[in-house]
Amino acid sequence: MNKAVANTVIYHNPRCSKLRQTLELMSGMGIQPIVIEYLKTPPDTQTLKSILSQLNISARELLRTQESEYAELGLANKTLSEDELIQAMTTHPILIERPIVIAGERVAIGRPPERVLEILKP
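Residues numbered from 1 in each chain as written. Predicted model: local features only at pLDDT ≥ 70, side-chain atom pairs only at ≥ 80, totals over all residues. Heavy atoms only, no water.

**Comments concerning the side chain of Thr90**
No. 1: With respect to the helices, strands and loops of the structure, Thr90 is situated in helix 6 (residues 82-91).
No. 2: One polar contact links the side chain of Thr90 to the main-chain carbonyl oxygen of Gln87, over a distance of 3.0 Å.
No. 3: Sequence-distant contacts of Thr90, defined by excluding residues within four places in its chain, comprise Pro42, Pro43, Asp44, Thr45 and Leu48. (Helix = DSSP H or I, 4+ residues; strand = E, 2+ residues; numbered from the N terminus. Polar contact = N/O pair within 3.5 Å; in protein donor to acceptor, adjacent residues only side chain to side chain. Contact = heavy atoms within 4.5 Å.)

If you want it as structure tokens, here you go:
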């Protein structure tokens, strides 16, 4: 097993079907990731910034817009800064798109779950 696969982390919500499918894919590859239930232990600001950088996307692109918190917090407001959006996600982790899989220096969002295969292959 290569080093990246050996250090695999998944931000997990047991109620999410995409997360369960992603875990099944990983298990089928013999990968037992470190599982972080991100609703209980959300990523901090620095971790979220690192994930965004590795994904090469903006904070807005990682937001789950269908969650009620998105509307309640007025996150559709296009004038909000990256830092304000990141703060919203660290305070309300339900807003973070999932699943996020980190394998060494590589990161993928498992939507669809098969997308994580790109970062798990040696």
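**Considering the sheet that holds strand 1 (residues 8-12)**
No. 1: Spatial ordering of the open sheet is given by 2-1-3-4, a layout of 4 strands whose pairing is mixed. Sheet topology places strand 2 (34-37) and strand 4 (106-109) at the edges, where each strand pairs with a single neighbour. Between one strand axis and the next, the sheet turns by 20° as a mean value, whatever way the strands run.
No. 2: Pairing of strand 3 (residues 100-103) with strand 4 involves 4 bridges; the strand directions are antiparallel. In the sheet register, Ile100 faces strand 4, and the bridge partner there is Ile109.
No. 3: Seen against the sheet, helix 2 (residues 17-28) touches strand 1, strand 2 and strand 3 and runs at an angle of roughly 160° to strand 1.
No. 4: Along the sheet face, helix 3 (residues 45-55) touches strand 1, strand 3 and strand 4 and points at about 90° away from the line of strand 4. (Pairing = 2+ DSSP bridges. Axes fitted to C-alpha atoms, helices over the stretch in contact; angles between N-to-C directions.)

**Quick word on the nonpolar core**
No. 1: Among the nonpolar cores identified, the biggest contains 33 residues, and Leu62, Met89, Ile100 and Leu120 are the most heavily contacted of them.
No. 2: Elements with a contribution of two residues or more to this core: strand 1, helix 2, helix 3, helix 4 (59-62), helix 6, strand 3, strand 4 and helix 7 (117-120).
No. 3: With residues near it in sequence (within four places) discarded, Met89 still touches Leu48, Ala59, Leu62, Leu63, Leu95 and Ile96. (Core = buried A, V, L, I, M, F, W, Y, C linked by side-chain atoms within 4.5 Å. Buried < 20%, exposed > 50% of the residue type's maximum accessible area, 1.4 Å probe, protein only.)

**Digging into the packing of helix 3 against helix 6**
No. 1: Contact pair helix 3 / helix 6: the axes reach a minimum separation of 10 Å and the direction vectors enclose 115°. In this structure, helix 3 crosses over helix 6, and the sense of that crossing is right-handed. Residues Thr45, Leu48, Lys49 and Leu52 of helix 3 lie in contact with helix 6, whose contacting residues are Glu82, Asp83, Ile86, Gln87, Met89 and Thr90.
No. 2: Here the contact of helix 3 with helix 6 is built from residues that sort into 4 nonpolar, 3 polar and 3 charged. (Left-handed = near helix turned anticlockwise from the far one by under 90°. Nonpolar A, V, L, I, M, F, W, Y, C, P; charged D, E, K, R; others polar.)

**Focus: unusual backbone geometry**
No. 1: That bond from Arg98 to Pro99 is cis: its omega, -5°, falls within 30 degrees of zero.
No. 2: Topologically, Pro99 is positioned in the loop between helix 6 and strand 3.
No. 3: If you check the backbone angles, Asn56 has positive phi at about 60° while not being a glycine.
No. 4: Within the secondary structure, Asn56 sits in the loop between helix 3 and helix 4.

**Quick notes on the pairing of strand 1**
For a regular strand, side chains alternate in direction, first toward one face of the sheet and then toward the other.
No. 1: Within strand 1, 5 of the 5 residues are buried, which leaves it mostly tucked inside the rest of the structure.
No. 2: Relative to strand 3, strand 1 runs antiparallel, the two sharing 4 bridges. Bridging across to strand 3, Tyr11 finds its partner in Ile100.
No. 3: Remark: the strand 1/helix 2/strand 2 crossover connection has right-handed handedness. (Right-handed = clockwise from strand over helix to strand, strands pointing away.)

By themselves, these figures tell us nothing about what the structure is for.
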